[in-house]
Amino acid sequence: MDPDNLPVINNYLDANDPVSSEARPSRMHFYDSQRKVDYVLAYHFRKRGAHPSQGSPGHSLAIVSNGETGKEPHAGDIELGPLDALEEERKEQREEFEHNLMEAGLEIEKDVESKSQGSIFVRIHAPWQVLTREAEFLKIKVPTKKMYEIKAEGSIAMKFNEILQKLSSPLQPKVPNQSNNKMKNLSYPFSREKIYLYNIHDKDTFFDNATRSRIVHEILKRTTCSRANTMGINSLIANNIYEAAYPLHDGEYDSPGDDMNDRKLLYQEWARYGVFYKFQPIDLIRKYFGEKIGLYFAWLGLYTSFLIPSSVIGVIVFLYGCATIEEDIPSKEMCDQQNAFTMCPLCDKSCDYWNLSSACGTARASHLFDNPATVFFSIFMALWATMFLENWKRLQMRLGYFWDLTGIEEEEERAKEHSRPEYETRVREKMLNQSDKSVVQKLETDRTESDDEDDEDKLDWKDRFPGYLMNFASILFMIALTFSIVFGVIVYRITTKAALSLNKATRSNVRVTVTATAVIINLVVILILDEIYGAVAKWLTKIEVPKTEQTFEERLILKAFLLKFVNAYSPIFYVAFFKGRFVGRPGSYVYVFDGYRMEECAPGGCLMELCIQLSIIMLGKQLIQNNIFEIGVPKLKKLFRKLKDETEPRETDSAHSKHPEQWDLDYSLEPYTGLTPEYMEMIIQFGFVTLFVASFPLAPVFALLNNVIEVRLDAKKFVTELRRPDAVRTKDIGIWFDILSGIGKFSVIINAFVIAVTSDFIPRLVYQYSYSHNGTLHGFVNHTLSFFNVSQLKEGTQPENSQFGQDVQFCRFKDYREPPWAPNPYEFSKQYWSVLSARLAFVIIFQNLVMFLSVLVDWMIPDIPKDISDQIKKEKSLLVDFFLKEEHEKLKLMDEPAPQSQGGENLSRRSHTASVVPSGHSQPGSALSGGSQHTNV
């Protein structure tokens, strides 16, 4: 149909006369209180030269129903001022798009633009005919009449589950339809030809609100608008033709009274901090928000519950370190002042010789995290990560069975075909540049046949090469920037340490002051760069111009994870593996700048500093991001929006402002932007818990405390602060599982090197079994300290005003080097090579042992629970039997000779058909042909 010859579709009515907003039973229906609002489109209009009308304009509506021609507006109703060209063009595009929606069978009700400017809401209702047509097209699984019992395998397991359910009953949320029911409906993709299979009591409630909105959203995504030369609502929003598109929440979450809806139930039983001890109502979350968000909260809940045993073991390891601190021989020797190990100066000129016993506190604290139990804990956490991932795969399969997610690959493939608006625009620009009008026309015709086209991307590698090149260069630049900042903090520590060493008053607390301030600087930089890198990753993905939303999301996730991973962990990697490794030795130090030496580890080793670095960054990141970014920023946005609304002049009636409609309330909420930030936060935390757990056994405890709050924080955000997301069906968590699996494998290597290189575990073992006279650690400290002849210090680097006077001939430093009196002084000693080979051997043995145990755990735990695989087989068999039985009864009824007359027989058959086929059901061909024949519900 020519857009210029569109019929008049507006029917202007005054809604204050038929139904007042206070008397309406529901704010989720059209003003006839019968048709449910399944989706809302919102846009902002502006008229030039129009004056606000005197008095209240009331609730004027334009009732738009499936192609019927409305009445012309009466003269004097609305005085239209001249619209500018852009607004006029957008108005015509909206009218065409809405007309095409009606051609697809949808019913529309919209407000009248009776003010000089403001927001207009287009409310969309999908009648039964459209719902059944689209449900069949999308292969949506719905319950049939047949129910069967879910039998638990094994009497012992069944009794154990019953005991667990009784014990955990106070922790269960008080919501209906939990998946632990013993009965389940057989599900089958909806088919209008087999409508007698389904138990349809009420056409209005057969498809729940999430399914209805998903169906409408699918229609919105594929509806064309030739004036805008685009397809789908996403393209129209990108071009500012519409401002927002969203499904409605199921009413208010904090409404007074006993009227209950799913949103209110979720708020009371899930989205409050007061119910933090309860399990999550995963089935209700899935029903309300869709499978994708349901799987996220199921994953987050399993991850949080798995943190409980790791936290208990971590606390036990920490307590073991506290209990054995008095028995640790090396720390006793360091604290023994009678040993009087005179150490070499820590800096040139201003630093004096010092006694090793002055570092007694650091040595004792290091034992809390550097003891034999941390090796066991590292192995445990590697197996814990494998167990977590295996259990998630099993839970995912179980949820997939109960949520009827098996066999949705075809639907996912079809969803992948929807091109992004930016991609379509880029293709159109390319074709226009080629000055080939026939190709442009072919593109427009092919859009409507996207289901049948198997063409490759219209953009080839030449078109994408500048974007790829920009991505590669930008990511390298960002990683180099992160390393530069880490180096800048290193220079800060070196220079600050040298400056504080000049002053006697600050000399005693130099190490603590420098470490604490440097970690805080690192934390602030990480938080700032996190926000910058998130925006940069999004921009880089946009210039790549991915074809589909799924490709866009996967590439965005990979870029953001890479940048945030490097940002969060690079300072920790430096302390763990590089600090103190390139210092040199007395008389031959390595200098960053003139007079400024490279950093050394503390006398007790770098593990204690690694623990401090990890704990402050992890805790600070969690506390600041949760309290400021996730709680404070949304509240500030809401306050700013409220102040803006109060300051702007509004032309609304007082009755409407007192009783706003649900679409008004939802429009004021924040738009849903996806699960990527939620997953990213937890994945980075998972890295903190697994990668360096050998240095910080309490990491799982702090992660657990954070996640108990995080679950309710995210829940409250989804229920109260965000517009309702579109329900998306998916069978897994996608690329996030691969990232988790990669971190789990990488953590084995990292922990092996932390134990071997950063801690003193290997040097102690080598000394105890190779060099100790009595098989104990007595003499270990002396064994690790080398001698240096102070007369060989370079000119100008000797300590000034030394308190030790001329008594010092030799000073000690921590390294395995030959003494000054040896034939090859200061070369690496035999002990050095023994320890190095032992470290490499430990890394190989530890890595292979843990990998073998992980593979063994993976093999022992099947991905699909046996009871679920049996139930899936049983369900297929029951479904075939049910089909055969229903078909047999149907044929038997049709072939049965009737004693009545021909008219009576026809009447009988018609009554039978009416009993199984809902009214208004059309034949498959007619239902797909167009929407002009649809009638109002």
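**Student:** In this structure, what is going on with the packing of aromatic side chains? I would like to understand it.
**Tutor:** Think of a pair of aromatic rings as described by two things: how far the centres are apart, and how the planes are tilted against each other in angle. The full count for this structure, using the stated rule, is 54 aromatic pairs. Look at tyrosine 672 and phenylalanine 718: their rings are 5.9 Å apart centre to centre, the planes differ by 55°, and that puts the pair in the tilted class. A residue pair is termed long-range when its members are at least 10 positions apart, and tyrosine 672 in the loop between α22 (662-667) and α23 (676-691) and phenylalanine 718 in helix α24 (residues 699-721) qualify at 46 residues. Note on tyrosine 672: relative accessible area 28%, which makes it partly exposed. Between the NZ or CZ atom of arginine 94 and the centre of the ring of tyrosine 43, over which it lies, the distance is 3.8 Å.

**Student:** Could you clarify how one ought to interpret the pattern of salt bridges in this entry?
**Tutor:** Oppositely charged side chains can pair when the atoms bearing their charge come close. A complete count under the given rule lists 29 salt bridges for this structure. Across the pair glutamate 87 and arginine 90 runs a salt bridge whose closest N-O atoms are separated by 4.0 Å. You can see glutamate 87 and its partner arginine 90 sitting in helix α1 (residues 85-103), 3 residues apart, about one turn around the helix. Take glutamate 87: its relative accessible area is 9%, and that puts it in the buried class. We note a salt bridge from arginine 493 to glutamate 609, for which the minimum N-O separation is 3.5 Å. Taken as a pair, arginine 493 in helix α16 (residues 461-501) and glutamate 609 in helix α20 (residues 607-647) lie far apart in primary sequence, 116 residues in all. Here arginine 493 and glutamate 609 have matching classes, each one buried. Connected through salt bridges with shared partners, the residues Arg493, Lys579, Glu599 and Glu609 form a single ionic network.

**Student:** In this structure, what is going on with the state of the cysteines? I would like to understand it.
**Tutor:** As used in these notes, a disulfide is a covalent bond between sulfur atoms, one from each of two cysteines. Under the criterion given, the structure shown has 2 disulfides. The side chain of cysteine 335 participates in a disulfide bridge whose partner is cysteine 360; the two sulfur atoms lie 1.9 Å from each other. Every disulfide takes its handedness from the sign of the S-S torsion; for cysteine 335 and cysteine 360 that torsion is 90°, giving right-handed. Here cysteine 335 is found in helix α10 (residues 329-335), whereas its partner cysteine 360 is found in helix α11 (residues 360-369), with 25 residues between them in sequence.

**Student:** It is not clear to me how the pairing of strand β2 (residues 39-46) should be interpreted in this structure. Could you clarify?
**Tutor:** As a general feature of sheets, a regular strand has side chains that alternate between the two faces. Extensive coverage of β2 is indicated by the burial of 6 of its 8 residues. Where β2 and strand β10 (residues 244-246) come together, 3 bridges link them in antiparallel fashion. Residue pairing in the sheet places alanine 42 in a bridge with alanine 244 of β10.

**Student:** Any chance you could explain helix α18 (residues 510-544) here in plain terms?
**Tutor:** Compared with an ideal rise of 1.5 Å per residue, which puts 35 residues at 51 Å, α18 spans 49 Å between its outermost C-alpha atoms and is within 8% of the ideal. Phi turns positive, to about 55°, at valine 545, one or two residues after α18.

**Student:** I keep staring at the nonpolar core and nothing clicks. Help me out?
**Tutor:** Where a protein is soluble and globular, its nonpolar side chains tend to be buried together. Membership of the largest hydrophobic core comes to 120 residues, with the highest contact counts inside it found for Trp299, Tyr303, Tyr569 and Phe692. Per element, the largest residue contribution to this core is 16 residues, and it comes from helix α19 (residues 549-578). In this structure phenylalanine 692 touches Tyr569, Ile572, Phe573, Ala576, Phe577, Leu610, Leu614, Gly687, Ile750, Asn751 and Val754, once residues within four positions along its chain are discounted. Grouped together as the second largest cluster of nonpolar side chains are 48 residues, Tyr39, Ile108, Val122 and Leu131 included.

**Student:** Looking at this structure, I do not really get a nonpolar patch on the surface. What am I missing?
**Tutor:** A surface patch of nonpolar side chains, about 330 Å² in accessible area, is lined by Ile520, Val524, Ile528 and Ile532. Of the residues examined, isoleucine 520 reaches a relative accessible area of 47% and is grouped as partly exposed.

**Student:** What is the right way to read the packing of helix α7 (residues 262-269) against helix α8 (residues 282-289) from this model?
**Tutor:** Geometrically, a packed helix pair is captured by the angle between its two axes and the distance between the axes. Contact geometry of α7 with α8 gives a least axis separation of 11 Å together with a crossing angle of 140°. Remark: the crossing between α7 and α8 carries left-handed chirality. In this structure, α7 contributes Asp262, Arg263, Leu265 and Leu266 to the contact, and α8 contributes Leu284, Ile285, Lys287, Tyr288 and Phe289. Looking at side-chain class alone, the contact of α7 with α8 contains 6 nonpolar, no polar and 3 charged residues.

**Student:** I tried to follow α7 on my own but got confused; where do I start?
**Tutor:** Three- or four-residue spacings in an α-helix give side chains the same orientation, since the helix completes a turn every 3.6 residues. Most of α7 is tucked away: 6 of the 8 residues are buried. What α7 keeps buried is the set Asp262, Arg263, Lys264, Leu265, Leu266 and Glu269. Packed against the buried residues of α7 are α8, α22 and α24.

Parameters at a glance
Residues numbered from 1 in each chain as written. Predicted model: local features only at pLDDT ≥ 70, side-chain atom pairs only at ≥ 80, totals over all residues. Heavy atoms only, no water. Phe/Tyr/Trp six-rings, centres within 6.5 Å; stacked < 30°, edge-to-face > 60°. Helix = DSSP H or I, 4+ residues; strand = E, 2+ residues; numbered from the N terminus. Buried < 20%, exposed > 50% of the residue type's maximum accessible area, 1.4 Å probe, protein only. Lys NZ or Arg CZ within 6 Å of the ring centre and 35° of its normal. Salt bridge = Lys/Arg side-chain N within 4 Å of Asp/Glu carboxyl O. Disulfide = S-S within 2.5 Å. Pairing = 2+ DSSP bridges. Expected span 1.5 Å × (residues − 1). Core = buried A, V, L, I, M, F, W, Y, C linked by side-chain atoms within 4.5 Å. Contact = heavy atoms within 4.5 Å. Patch = residues over 30% accessible without salt bridge, like charges linked within 9 Å, V, L, I, M, F, W, Y side chains within 5 Å. Areas by Shrake-Rupley, 256 points an atom, 1.4 Å probe, with all protein chains shown as cover. Axes fitted to C-alpha atoms, helices over the stretch in contact; angles between N-to-C directions. Left-handed = near helix turned anticlockwise from the far one by under 90°. Nonpolar A, V, L, I, M, F, W, Y, C, P; charged D, E, K, R; others polar.

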